[in-house]
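Now for the letters of each chain:
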Amino acid sequence: MADQIQKIVTGLSDLEDVAGVWAVADGRAAQGDAAFAADLGIALARAYGTGGQMWQYRIVFDHLLRLLATTAGPENVTQALRLISSDEVTSRKLDRYTASLLASSHEATDLAAAFTGRASEELRACLVHELVLRGVFVEDAPGIAGWATSPHWSHHPLGWLPLTLSDVEGNADLPSYSIRGSSHSMPYGPSESRELAVIADARVPSAEETTTQAAAKAIGRAVANWAEESNGRIEARVFGLAEPLDAESVPTALLTLGLECLHGAGKKAPLSVAVRPPAQAWQVLFAAASTGGAYNSGSYGAYGRLAAWQSLAALAGSPEGSTVAEVEAHVMDCIWHGFGADTKWFEQVAWDIGLAALSSGRRRLAVLAATDTD
């Protein structure tokens, strides 16, 4: 085996097609030799894992990891953990990705190995919430419960999240993975005709923008990866209203706020708006955060969940330091709208988001718009 691995490592940079390497690893795994894939991945990382990381290495390593992480069986879990825990490859981003792969394809009983053997705290934290998103009661899961309920990791960013799904999170769209790739739904896209119309004589109170840099950043957390890692742009703003705003006047109000995303909206670019349940707002934010935009893979499930709640909290005007339960109460008190328009700001390809939250007192309107293109 060592000779075969060394031969692959030595000749990898000369390959114009890596399908043959995939076939060797797949064949060994089919014969029950999962250790071969892990050994090969570690050897390749040792030889090519630093610097620019040539394309052959990146593609082969990802295939090996997917092979182990998406193939059922405890030995495959063990070898996947050995691969990503090796000193040559360990990284926080890889831990997040691996946790999503593992949780999508294995029973919690097999994944308990990550909490008893060698694995990073980052991987464990991500794995806990990837499992929560899939409906696993981690507080009752043997081998996982002890770590998940321990206060020692409460300082971790993910420690703010609850260990059970809230009502708002009931419809999380999660990706499906295989050795060859992944797929996921996209609960957003180009604007379409919806039921709420702009009312010409609607009474809209005067509005004063109250956006702070901190508020804009918090509101845009779920879509930040679109701008940072792809071609996206974001508009996140907050407005204080002189008087309570009627919910049915929100479409009209949106056109009076000077939003960049709606510049030119009107007769030539009709505004489409619809009241949305809070769960749908969370679903849109979670998908944007977890699966990313046109040219990136997002933050995966655990950090996607965190970012979705952070954006939702900021849109709802929940005070800093609130628990998720307190945030959810504020979210449920808001009236949520989805909106869009065929303006020059929105790319109208596949990644368009428009959300507006009218607070319980009806005197605060928060808006998030995002768009991305390939």
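In what follows, the structure referred to is the one given above.
Residues numbered from 1 in each chain as written. Predicted model: local features only at pLDDT ≥ 70, side-chain atom pairs only at ≥ 80, totals over all residues. Heavy atoms only, no water.

A. Geometry of the overall build of the protein. The helix and strand tally for the protein stands at 16 helices and eight strands. Expected size for 374 residues packed as a compact globule is a radius of gyration near 21 Å; at 23 Å, the protein falls within 12% of this value. Taken along its principal axes, the extent of the C-alpha atoms in the protein is 80 × 45 × 30 Å. Classification of the 374 residues of the protein by burial places 52% in the buried group. In the protein, 75% of the contacts between residues at least 6 apart in sequence involve partners at least 24 apart. Entry remark: accessible area of the protein is about 16300 Å², with carbon and sulfur atoms responsible for 51%. Within the protein, the 43 negative side-chain charges are centred at a point lying 4 Å from the centre of the 27 positive side-chain charges. (Helix = DSSP H or I, 4+ residues; strand = E, 2+ residues; numbered from the N terminus. Rg over C-alpha atoms; globule rule 2.2 N^0.38 Å. Buried < 20%, exposed > 50% of the residue type's maximum accessible area, 1.4 Å probe, protein only. Contact = heavy atoms within 4.5 Å. Areas by Shrake-Rupley, 256 points an atom, 1.4 Å probe, with all protein chains shown as cover. Lys, Arg positive; Asp, Glu negative; His and termini not counted. Charge placed at Lys NZ, Arg CZ, Asp CG, Glu CD.)

B. Fine view of the sheet that holds strand 7 (residues 351-358). Strand order in the open sheet formed by six strands is 3-4-8-7-6-5, with antiparallel pairing between adjacent strands. Only two strands of the sheet have a single neighbouring strand rather than two, namely strand 3 (207-209) and strand 5 (271-276). With direction set aside, neighbouring strand axes in the sheet form an average angle of 25 degrees. As paired strands, strand 4 (residues 233-241) and strand 8 (residues 364-372) are joined by eight bridges and run antiparallel to one another. Considered in strand 8, the bridge of Arg 237 is made with Val 367. (Pairing = 2+ DSSP bridges. Axes fitted to C-alpha atoms, helices over the stretch in contact; angles between N-to-C directions.)

C. Broad picture of the packing of helix 4 (residues 55-70) against helix 6 (residues 92-105). Viewed as axis vectors pointing N to C, helix 4 and helix 6 meet at an angle of 35 degrees, and their least axial separation amounts to 8 Å. By crossing handedness, the relation of helix 4 to helix 6 is classed as right-handed. Where helix 4 approaches helix 6, its residues Phe 61, Asp 62, Leu 65, Arg 66, Ala 69 and Thr 70 are matched on the opposing element by Leu 94, Tyr 97, Thr 98, Leu 101, Leu 102 and Ser 105. Within the contact of helix 4 with helix 6, the residues separate by chemical class into seven nonpolar, three polar and two charged. (Left-handed = near helix turned anticlockwise from the far one by under 90°. Nonpolar A, V, L, I, M, F, W, Y, C, P; charged D, E, K, R; others polar.)

D. Fine view of the pairing of strand 8. Extensive coverage of strand 8 is indicated by the burial of eight of its nine residues. Where strand 7 meets strand 8, eight bridges bridge the pair, whose relative direction is antiparallel. Among the inter-strand pairings, Ala 357 is bridged to a residue of strand 8, identified as Ala 366. Turn length for the strand 7-strand 8 hairpin, with the two strands adjacent in sequence and antiparallel, is five residues, and the turn residue Arg 362 shows positive phi of about 60 degrees.

E. A look at unusual backbone geometry. At Gln 348, a position not held by glycine, the phi torsion is positive, near 60 degrees. Structurally, Gln 348 is set in the loop between strand 6 (335-341) and strand 7. Within the chain, Arg 362 stands out as a residue other than glycine whose phi angle is a positive 60 degrees. Along the chain, the position of Arg 362 falls in the loop between strand 7 and strand 8.

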